[in-house]
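Now for the letters of each chain:
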Amino acid sequence: MHGRQMYLDFGGFKMDVTSYTMIVTCKLWGLSWAYADGAKTEKDLTAEQNEKKVVKMPTLLEYFSFVYFGLGCMCAPFHEYSDFKNWIELTSHYKTLPRGPTGFFQTIIPVLKKISLGLIHLVLHLYVVVYSGMSCSLNGKPEFADAGGFGYKVFYYWVSMTG
């Protein structure tokens, strides 16, 4: 299916089942290697392998929650099962995460800063697009090669990516 899509719409952006299937493949591949490492002795593994190894097979609920965890799609294509389980159970280096009513106030300020920064970029992007007439539809088109100098192109890409 992926090869067909590459042939029919090369360079286009179409999300289909193969996008998530590639991420699931990476997750399952990593889980299988971590489980294989769990069968080895500690002296046969590196420090990182010992930290990431999976000794006990995950339950069906743990397995599906790891495989279909949506944040893995948005943030990164791969994270280790042991890291996922430590995050869920708040163990290992996740022990010190703020939680409860007092932890809320430790985390809300950085979140509000990020949201406000995103809104500032959105307003800036809309201002540039609406009032300057700069459209982001030139990306990757031959007309873009003739449009402005190097500084304009860098600015254009910056505006295109912040929106």
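Throughout what follows, the structure given in this document is the object of discussion. Nothing here was measured: the structure is a model prediction, and the numbers come from that model.

**Considering the overall build of the protein**
And step 1. Summing up its helical and strand segments, the protein has nine helices and zero strands in all.
And step 2. Looking at the protein as a whole, 21% of its 163 residues are labelled buried.
And step 3. As presented, the protein carries roughly 12,200 Å² of accessible surface, and 69% of it is formed by carbon and sulfur atoms.

**Let's talk about unusual backbone geometry**
And step 1. Residue Leu90 is not a glycine yet carries a positive backbone phi of 55°.
And step 2. Residue position: Leu90 is located in the loop between α6 (81-89) and α7 (100-132).
And step 3. Non-glycine residue Ser92 carries a positive phi angle of around 60°.
And step 4. Relative to the assigned elements, Ser92 resides in the loop between α6 and α7.
And step 5. Ser92 gets classed as partly exposed once you look at its relative accessible area, which sits at 39%.

**Looking at the environment of Met57**
And step 1. With respect to the helices and strands, the residue Met57 is situated in the loop between α3 (47-52) and α4 (60-67).
And step 2. Residue Met57 is classed as partly exposed on the basis of its relative accessible area of 49%.
And step 3. Between the alpha carbons of Met57 and Gly38 there is a distance of 9.5 Å; along the sequence they are 19 residues apart.

**Some thoughts on the side chain of Asn86**
And step 1. Secondary-structure assignment places Asn86 in helix α6.
And step 2. Relative accessible area serves as the criterion here: at 19%, Asn86 is assigned to the buried category.
And step 3. Not counting residues within four places of it along the chain, the set of residues in contact with Asn86 comprises Thr91, Ser92 and Tyr94.

**Side note on α6**
And step 1. Turning to α6, its buried residues number three or more, namely Tyr81, Ser82, Asp83, Phe84 and Asn86.
And step 2. The positive-phi residue at the C-terminal boundary of α6 is Leu90, with phi of around 55°.

**Quick word on the side chain of Asp83**
And step 1. Along the polypeptide, Asp83 turns up in helix α6.
And step 2. With no salt bridge to any partner, buried Asp83 finds its closest opposite charge in Lys52, at an N-O distance of 4.7 Å.
And step 3. Among residues more than four places away in sequence, those in contact with Asp83 are Lys52, His93 and Tyr94.

**Focus: the nonpolar core**
And step 1. Membership of the largest hydrophobic core is limited to eight residues, which are Val24, Leu31, Ala34, Val54, Phe66, Val67, Tyr81 and Phe84.
And step 2. Contributing elements (two or more residues each) for this core: α2 (17-38), α4 and α6.
And step 3. By residue number, the principal contributor to this core is α2, which donates three residues.

**Examining the pattern of salt bridges**
And step 1. Applying the stated criterion to the full structure yields three salt bridges.
And step 2. The salt bridge involving Lys85 is made with Glu62; its shortest N-O contact spans 2.5 Å. Of this pair, Lys85 sits in helix α6 while Glu62 sits in helix α4, and the two are 23 residues apart along the sequence.
And step 3. Accessibility expressed as a relative area gives 23% for Lys85, which makes it partly exposed.
And step 4. For the salt bridge of Lys85 with Glu89, the shortest nitrogen-to-oxygen distance reads 3.3 Å. With Lys85 and Glu89 both in helix α6 and four residues apart, this pair spans about one turn of that helix.
And step 5. A relative accessible area of 44% means that Glu89 is categorised as partly exposed.
And step 6. Counted as one network, the salt bridges with shared partners bring together Glu62, Lys85 and Glu89.

Calculation criteria
Residues numbered from 1 in each chain as written. Predicted model: local features only at pLDDT ≥ 70, side-chain atom pairs only at ≥ 80, totals over all residues. Heavy atoms only, no water. Helix = DSSP H or I, 4+ residues; strand = E, 2+ residues; numbered from the N terminus. Buried < 20%, exposed > 50% of the residue type's maximum accessible area, 1.4 Å probe, protein only. Areas by Shrake-Rupley, 256 points an atom, 1.4 Å probe, with all protein chains shown as cover. Contact = heavy atoms within 4.5 Å. Lys, Arg positive; Asp, Glu negative; His and termini not counted. Salt bridge = Lys/Arg side-chain N within 4 Å of Asp/Glu carboxyl O. Core = buried A, V, L, I, M, F, W, Y, C linked by side-chain atoms within 4.5 Å.

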